[in-house]
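Below, each chain spelled out in residue letters.
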Amino acid sequence: MRFARLALAAGSAALLAGAAGTRAGVSRSSDTLAVRTWAGWDTWWRRDAAPARWTGDAPLAERIHWRPGRPGVEWGELQLRGASEAWRTRVVVVRLDPARVDLTLDPAFTRNREWTIGDAAADAAVALDAGQFRGSLPWGWVLTGGREVLRPQYAPLAGAVTVDDAGRVRVVSPDSVEAARAAGGLREAFQSYPMLLQDGAVPEPVRAPGLGVSHDHRDARLALGTTAGGQVVVALTRFDALGPELGRIPFGLTTPEMAAVMGALGCRQAVLLDGGISGQLLLRHGADTWSWPGTRRVPLGLVARVRP
């Protein structure tokens, strides 16, 4: 019955998107992204004039009313207006200070289990799904607790997220994954793809169509990035036209649009994680819990805990 309701809602959303004057699943060169402000909608990105590099300015981060989470965590939300079914998209944004929180993986697949945010322990300040997946296994490198569980794999846009022994977090470019592995000193690491930003630059396949990355496919998105100052930024999109209960419908932004979101949040490095029906996020502050669940269990979770 729940899936029937979701299917009905998806059909309703497609009709709404059609009423907005666009055809679901099709992007055009004139596609734009606007953010809701107190004065209305402010267009901040155009597909036909998209920047090739982000300088570290954070125009979207400045639009967020940041709310405190547990120590070292703050979060807020944005409302975006895009093309097609992205005409109403909510973005949940979390900023983490690695000097105050520790990031660790929960490799459920090593226990022949699958993971959701509902499995996060009570001391988890933030939890989300990590990486990309192939069946019951994560794709590529997994290192946790200083022990390598899966070896890295190479693909042109497959970067890695690493946490060193001091708790510093890096998003490593594809060509540097093996060097990071050989250098050692890492406590946690996992791979994901595609890279959205490398030193502020949008990779060419994300900028130019026909190079292996779809520029038209729309989906719910989840991404992780780092700023020049070392903060970790997590962004999850939700469909926002039919209320929060149906936010997990996998409608939303394209990959180039998600690269723009991460750039406009101030990230210098960023990588896409598994979104769609896998995308999920949990936040805790005091006795309060906020959760944005997915509809699929995953083999690998990422959890942030406040340092003692």
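Cut-offs used in this document
Residues numbered from 1 in each chain as written. Predicted model: local features only at pLDDT ≥ 70, side-chain atom pairs only at ≥ 80, totals over all residues. Heavy atoms only, no water. Phe/Tyr/Trp six-rings, centres within 6.5 Å; stacked < 30°, edge-to-face > 60°. Helix = DSSP H or I, 4+ residues; strand = E, 2+ residues; numbered from the N terminus. Buried < 20%, exposed > 50% of the residue type's maximum accessible area, 1.4 Å probe, protein only. Lys NZ or Arg CZ within 6 Å of the ring centre and 35° of its normal. Core = buried A, V, L, I, M, F, W, Y, C linked by side-chain atoms within 4.5 Å. Polar contact = N/O pair within 3.5 Å; in protein donor to acceptor, adjacent residues only side chain to side chain. Contact = heavy atoms within 4.5 Å. Salt bridge = Lys/Arg side-chain N within 4 Å of Asp/Glu carboxyl O.

Draft legend 1. Representation of the packing of aromatic side chains within the structure. For the structure shown, the criterion picks out four aromatic pairs. Seen from their ring centres, tryptophan 75 and tryptophan 292 are 5.7 Å apart, and the 70 degrees between their planes marks the pair as edge-to-face. Linking tryptophan 75 in strand S4 (residues 73-81) with tryptophan 292 in strand S20 (residues 288-292), this pair joins segments that are 217 residues apart in sequence. Its relative accessible area of 12% is what places tryptophan 292 among the buried residues. Their ring planes at 80 degrees and their centres at 5.2 Å tell us that tryptophan 139 and tyrosine 193 sit as a pair that is edge-to-face. Of this pair, tryptophan 139 sits in the loop between strand S9 (137-138) and strand S10 (142-144) while tyrosine 193 sits in the loop between strand S14 (186-192) and strand S15 (195-197), placing them 54 residues apart in sequence. The exposure class of tyrosine 193 is partly exposed, given its relative accessible area of 32%. An aromatic cluster of at least three residues, connected via ring pairs, comprises Trp75, Trp290 and Trp292. Across from the ring centre of tryptophan 66, 3.8 Å away, lies the NZ or CZ of arginine 95, which sits over that ring.

Draft legend 2. Region of the structure containing the nonpolar core. Val94, Leu96, Val126 and Leu281 are the most contacted members of the largest nonpolar core, which has 44 residues in total. Element by element, the count of residues in this core is highest for strand S7 (residues 124-129), at five residues. Trp54, Val233, Cys267 and Leu272 belong to the second-largest nonpolar core, a separate cluster that totals 35 residues.

Draft legend 3. Region of interest: the side chain of serine 278. Examined against the element boundaries, serine 278 turns out to sit in the loop between strand S18 (267-273) and strand S19 (281-285). Given the relative accessible area of 0%, serine 278 is considered buried. A distance of 2.9 Å separates a polar atom in the side chain of serine 278 from a polar atom in the side chain of aspartate 274. When sequence neighbours within four positions are dropped, the list of residues in contact with serine 278 reads Asp129, Arg296 and Val298.

Draft legend 4. Highlighting helix H4 (residues 255-264). By the criterion of burial, H4 is predominantly enclosed, with 10 of the 10 residues buried. Those residues of H4 not exposed but buried are Thr255, Pro256, Glu257, Met258, Ala259, Ala260, Val261, Met262, Gly263 and Ala264. Where H4 terminates, the next one or two residues include glycine 266, which has phi positive at roughly 95 degrees.

Draft legend 5. Structural detail: the pattern of salt bridges. All chains considered together, the criterion is met by 16 salt bridges. Put simply, arginine 63 and aspartate 42 hold a salt bridge, and the shortest N to O gap is 2.4 Å. Separated by 21 residues along the polypeptide, arginine 63 in the loop between strand S2 (40-46) and strand S3 (67-68) and aspartate 42 in strand S2 bring together distant segments of the chain. Overall, aspartate 42 belongs to the partly exposed group, its relative accessible area being 28%.

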